[in-house]
Amino acid sequence: MQQVPALEDQRLLRTTSYVDGAWEAGEAREVLAVNNPATGATIAEVRTANAADTRRAIEAAHRAFGEWRRTTVKERAGILRRWYELTIEAAEDLAVLMTAEQGKALFESRGEIQYGASFIEWFAEQAKRADGDVFSGATPHTRAVCIRQPVGVVAAITPWNFPNAMIARKVAPALAAGCTVVVKPAEDTPLSALAMAELAERAGFPAGCFNVVVGNPQEIGAELTGSPLVRKLSFTGSTAVGKLLEEQCAPTLKRTTMELGGNAPFIVFDDADLDDAIAGALLSKYRNSGQTCVCANRFLVQDSIYDEFCERLVAATGELVLGNGADEGVTQGPLINTEAIAKVTGLVNASIEAGAECVMGGKPADLGECFYPHTVLRDVTPDMPVFRNEIFGPVAALTRFKDEAEAIALANDTDAGLCAYVYSRDIGRVWRVAEALEYGMVGMNEGIISSEMAPFGGVKASGWGREGSRYGMDDYMDIKYLCVGGLDR
């Protein structure tokens, strides 16, 4: 059964890769079925690209780089600004398309389109601020000048959970810096990426600046990591795949940005405002059905309020509505595919067998094969699978702690270091704990912390590099030192 999304602008539904300013069927001629995880219906069939197509995209980006890097920052900013405006104009179609291929509730898709567009707007403005420095040299007759130049061709490998925003967060700063880009989107959600390419073409990016190749991740990934023409790779995804990509990038010494897995602790002290903490918990845990790398994964709650927090979280979670993301009133859609269902089910079942108590949910829902209900587990201990692993599903796992020192120790007891959350009315405690946590980002009495103006990224096994903010262009630029002499003559 085929179920094509009803779009006002049907040209946004593209089904071939975009290479060197042209929509190509690809040499591989294989077809990738894109399915709606809520209904199982096929939305579209996309012709896949292969290794040869990917090489052609890289070569096109390399040719385009010579011209694009020489455009003025004002020209680049203008085209980026137009891309932003076109994205806002097409926002509803883009949201409908995203919900159809990814499953998230339509209100969340609408929010993601605005969030993704904010990066395009931000870096359109930042393009004009790639400043250098002039300072005194080592001798009286010299001066040191530092300028910033684009690194070259950038490969971006993006995930299915935020199929618009993750591309915007990588591509916008790269293009603003003067780089050109080849994007490899996730196989589950290629349509959002191709729609972005359609709007980029309309915005006026020259051929070869922005390329999108859809197909086998191993085949395409090997070309992107192995090509000496690609000077930078930015990846968002699992830590295991990130490590593999790092190995593949090593022979050509590519610069990399790695935004990898998380295992976020959500710490609630006994002096916290529980209304705020519960509201933050719902936002952090159940957004995108728990399929975000910054989702609260482990709820660490102080002894004296543990039972009350659990009861209130269950009550608040019970207000969420599970269903087809396209239906009115739905707040939580399906998981992305049956593999995701199997993973979440396995983690929950193993933790219950180990002694966790399931007080809500805990079994796949009967709405369809990709639906898993919002779930709450209590009495979770550090040796259980839901504590040790990133769940990537709508499961809240609650663990007790006695004091500040134990909370910090439990929170840091993981290889991951992407994001953490702390709730307390004691401002001194909030600062102490936040500084002691081994994470790249900390929400202090806030459950949603991402924005285009803030640096996004982690430490430890959650990767390196920062996306967004005034630091967001740094990874796409080289600093060149120029020593100017002869000033005494």
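For the structure itself, consult the block above.
In short, a report on the structure. Quick caveat: nothing in here was measured; it's all calculated off a predicted structure.

Considering the packing of helix α2 (residues 73–89) against helix α4 (residues 106–126)
- Two elements in contact, α2 and α4, have axes whose closest approach is 8 Å; the angle formed by their N-to-C orientations is 165 degrees. In this view, α2 runs roughly antiparallel relative to α4, as classed from their interaxial angle. Remark: the crossing between α2 and α4 carries left-handed chirality. Contacts between α2 and α4 pair A77, L80, R81, W83, Y84, T87 and I88 from the former with I113, Q114, A117, I120, E121, F123, A124 and E125 from the latter.
- When grouped by side-chain class, the residues that make up the contact of α2 with α4 number ten nonpolar, two polar and three charged.

Observations concerning the pattern of salt bridges
- Counted according to the given criterion, the structure contains 35 salt bridges.
- A salt bridge links R202 to D9; its shortest N-O distance comes to 2.9 Å. In this pair, R202 is assigned in helix α6 (residues 190–203) and D9 in the segment before β1 (17–19), connecting sequence segments 193 residues apart.
- Between D53 and R56 there is a salt bridge, with its nearest N and O atoms 2.6 Å apart.

Points about the sheet that holds strand β16 (residues 395–401)
- With respect to topology, seven strands assemble into an open sheet ordered β14-β15-β16-β13-β12-β17-β18, the strand pairing being mixed. The open sheet has two edge strands, β14 (357–360) and β18 (441–444), and neither has a second partner. Pairs of neighbouring strands in the sheet enclose a mean axial angle of 25 degrees, with direction left out of account.
- Lying on the sheet, helix α10 (residues 303–317) is in contact with β12 (264–268), β13 (296–302), β14, β15 (375–378) and β16; it crosses β16 at an angle near 170 degrees.

Thoughts on the nonpolar core
- Of all hydrophobic cores here, the largest spans 68 residues; its most connected members are W83, L175, F205, F210 and V212.
- In terms of residue count, helix α5 (residues 165–177) provides more of this core than any other element does, ten residues in total.
- Once residues within four sequence positions are removed from consideration, W83 is found in contact with I120, V171, L175, M196, L199, A200, A203, F205 and F210.
- I267, A340, I341 and L347 belong to the second largest nonpolar core, which has 33 residues in total.

Some points on the packing of aromatic side chains
- The tally for this structure, following the rule as stated, stands at eleven aromatic pairs.
- Residues F299 and F309 carry aromatic rings whose centres are separated by 6.2 Å and whose planes lie at 40 degrees to one another, so their mutual orientation is tilted. Of this pair, F299 sits in strand β13 while F309 sits in helix α10, and the two are ten residues apart along the sequence. Take F299 and F309: they sit in the same class, and that class is buried.
- Clustering of aromatic rings is evident, with ring pairs tying together F266, F299, F309, Y421 and Y423.
- Across the ring face of F387, the terminal group of R298 is positioned such that the distance to the ring centre comes to 4.7 Å.

Some words on the environment of P265
- One can find P265 in strand β12.
- Here the alpha-carbon distance between P265 and G137, two residues 128 residues apart in the chain, equals 48 Å.
- Sequence-distant contacts of P265, that is, excluding residues within four places in its chain, are made with R298, L300, A411, C419, A420, Y421 and Y439.

Comments concerning the state of the cysteines
- Using the criterion set out here, one finds zero disulfides in the structure.
- Here C146 stays free of any disulfide, with the sulfur of C483 as its closest cysteine sulfur at 10 Å.
- You can call C146 buried: its relative accessible area is 15%.

Considerations on the pairing of strand β8 (residues 180–184)
- Of all five residues that make up β8, five are buried, and the element is covered over most of its length.
- Residues T180, V182 and K184 line one face of β8 and the alternating positions V181 and V183 line the opposite face, and both faces are buried.
- Where strand β7 (residues 153–157) meets β8, five bridges bridge the pair, whose relative direction is parallel. Each bridged residue has a counterpart across the sheet, and for I157 the counterpart in β8 is K184.
- Regarding topology, α5 serves as the crossover connection from β7 to the parallel β8, and that connection is right-handed.
- Relative to strand β9 (residues 210–212), β8 is paired through three bridges, and the arrangement is parallel. Across the sheet, V182 pairs through a bridge with N211, a residue of β9.
- Considered for its hand, the β-α-β crossover made up of β8, α6 and β9 is right-handed.

Observations concerning the sheet that holds strand β6 (residues 143–150)
- One open sheet accounts for three strands, arranged β5-β6-β20; its pairing is antiparallel. The open sheet is flanked by β5 (133–136) and β20 (477–484), the only strands paired with a single partner. Taking each pair of neighbouring strands and ignoring which way they run, the sheet shows an average axis angle of 25 degrees.
- Here β6 runs beside β20; their pairing, made up of eight bridges, is antiparallel. Across the sheet, the residue bridging to I147 is K480, located in β20.

Calculation rules
Residues numbered from 1 in each chain as written. Predicted model: local features only at pLDDT ≥ 70, side-chain atom pairs only at ≥ 80, totals over all residues. Heavy atoms only, no water. Axes fitted to C-alpha atoms, helices over the stretch in contact; angles between N-to-C directions. Helix = DSSP H or I, 4+ residues; strand = E, 2+ residues; numbered from the N terminus. Parallel < 35°, antiparallel > 145°, perpendicular 65-115°, else oblique. Left-handed = near helix turned anticlockwise from the far one by under 90°. Contact = heavy atoms within 4.5 Å. Nonpolar A, V, L, I, M, F, W, Y, C, P; charged D, E, K, R; others polar. Salt bridge = Lys/Arg side-chain N within 4 Å of Asp/Glu carboxyl O. Pairing = 2+ DSSP bridges. Core = buried A, V, L, I, M, F, W, Y, C linked by side-chain atoms within 4.5 Å. Buried < 20%, exposed > 50% of the residue type's maximum accessible area, 1.4 Å probe, protein only. Phe/Tyr/Trp six-rings, centres within 6.5 Å; stacked < 30°, edge-to-face > 60°. Lys NZ or Arg CZ within 6 Å of the ring centre and 35° of its normal. Disulfide = S-S within 2.5 Å. Right-handed = clockwise from strand over helix to strand, strands pointing away.

Read these as geometric descriptors, not functional statements.
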